[in-house]
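# Close look at the chain arrangement
Spelled out from the first residue to the last, the chains are:
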Amino acid sequence: MKIELLQPVYGSEEIAVQSLKAYADSEFKSLDVSYSVSVQKGRFFVSLDGEDSELCENLLYSQFGRPADKNSAVPGVSYKGYIQAIEPDSITVNIGFALPVSISSQEALGAGSAGQIAARFGMIPYLPVTAELSSDSGSLVFTKEQIDLWWTWKKSSTDRIFINGATRSQIKAALQKKGHGRDVYGVEKLGLTECVVVCKEKTDGPGIVASVGKLLPSQMGVLIGSKK
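Residues numbered from 1 in each chain as written. Predicted model: local features only at pLDDT ≥ 70, side-chain atom pairs only at ≥ 80, totals over all residues. Heavy atoms only, no water.

## What to know about the overall build of the chain
Test applied: Secondary structure elements follow DSSP: runs of H or I no shorter than four residues count as helices, runs of E no shorter than two count as strands, and numbering proceeds from the N terminus. We take the radius of gyration over the C-alpha atoms and set the globule estimate at 2.2 Å times the residue count to the 0.38 power. Between buried and exposed lies partly exposed: a residue is buried under 20% and exposed over 50% of the maximum accessible area for its type, with that area taken using a 1.4 Å probe on protein chains only. Contact criterion: two residues are considered in contact whenever any of their non-hydrogen atoms come within 4.5 Å of each other. The method behind every accessible area is Shrake-Rupley, applied with a 1.4 Å probe, and residues are considered shielded solely by the protein chains displayed. The convention is simple: Lys and Arg are positive, Asp and Glu are negative, and His and the chain ends are not counted. To locate a charge, take atom NZ for lysine, CZ for arginine, CG for aspartate or CD for glutamate.
Along the chain, the regular secondary structure elements total seven helices and 12 strands. Rg of the C-alpha trace for the chain: 18 Å, near the compact-globule value of 17 Å for 228 residues, within the 12% margin. Seen along its three principal axes, the alpha-carbon backbone of the chain occupies a region of about 50 × 50 × 25 Å. Residues counted as buried form 45% of the 228 residues belonging to the chain. In the chain, 67% of the contacts between residues at least 6 apart in sequence involve partners at least 24 apart. Taken as a whole, the chain presents about 11200 Å² of accessible surface, with 49% of it coming from carbon and sulfur. On the chain, the mean spot of the 24 positive side-chain charges and the mean spot of the 25 negative ones are 10 Å from each other.

## Regarding the packing of aromatic side chains
To keep things clear, this is the line we draw: Centre distance within 6.5 Å is the pairing criterion for rings of Phe, Tyr and Trp, where only the six-membered ring of Trp is used; planes under 30 degrees apart are then read as stacked, over 60 as edge-to-face, and the remainder as tilted.
The tally for this structure, following the rule as stated, stands at eight aromatic pairs. Both rings, one in Y23 and one in F64, keep their centres 5.0 Å apart while their planes meet at 80 degrees; by these two values the pair is edge-to-face. Placement of the pair is Y23 in helix α1 (residues 13-28) and F64 in helix α2 (residues 53-64), with a sequence separation of 41 residues. As far as burial versus exposure is concerned, Y23 and F64 are alike and both buried. Here F121 and W151 contribute two aromatic rings whose centre-to-centre distance is 5.1 Å and whose plane-to-plane angle is 90 degrees, an arrangement assigned as edge-to-face. Pair noted here: F121 is in the loop between α4 (114-120) and β7 (128-133) and W151 is in helix α5 (residues 144-154), with a separation of 30 residues, a long-range link. The class of F121 is buried, set by a relative accessible area of 0%. Taken together, F121, F142, W150 and W151 form an aromatic cluster joined through their ring pairs.

So this is what it looks like as structure tokens:
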């Protein structure tokens, strides 16, 4: 069987493919399956063969998402997605097809334009999110869980740096090289090459970005904790 993953491929295709293969090698090592990975139009396609193919298919979809079909997507159902574009007046999310985020969903994240809201919560392109199709199927809304997560992060005492297009090991190496290992609690994976750096209470997130930015040719966004 051959399956398509929602996980977008951008930046270094070689690094992205290596990262997916590393995940598959780790997760599939005790299973009866062989696989191959290809990239078409910015998406991963994985061919699976063996008795455990269906199990591996489910593992991949669970971790990296299954593209929703525009003709069969159901309003109110939660879908994995990623931010495709951020404009001054709109945020676009892709769940397999792209739609703008509704104004009401943006309002749940506070006052301001779409660009201001995105900056407030550190949103950047390719950031993984969960969203639902609106009742009229003309837009998307962030799920309650997604909105609650952003507010939990925003109301914390630590900054968070979202970095897309780099592996966790690349980010950790850049932090160590610049002497910031002691300034952060850790680097958490959000997707294949999407991570969040959790800063310590007295660490300035924008300062970390300025320091390591040249070492990581990646997209970065900062969510500044409001209880610092």
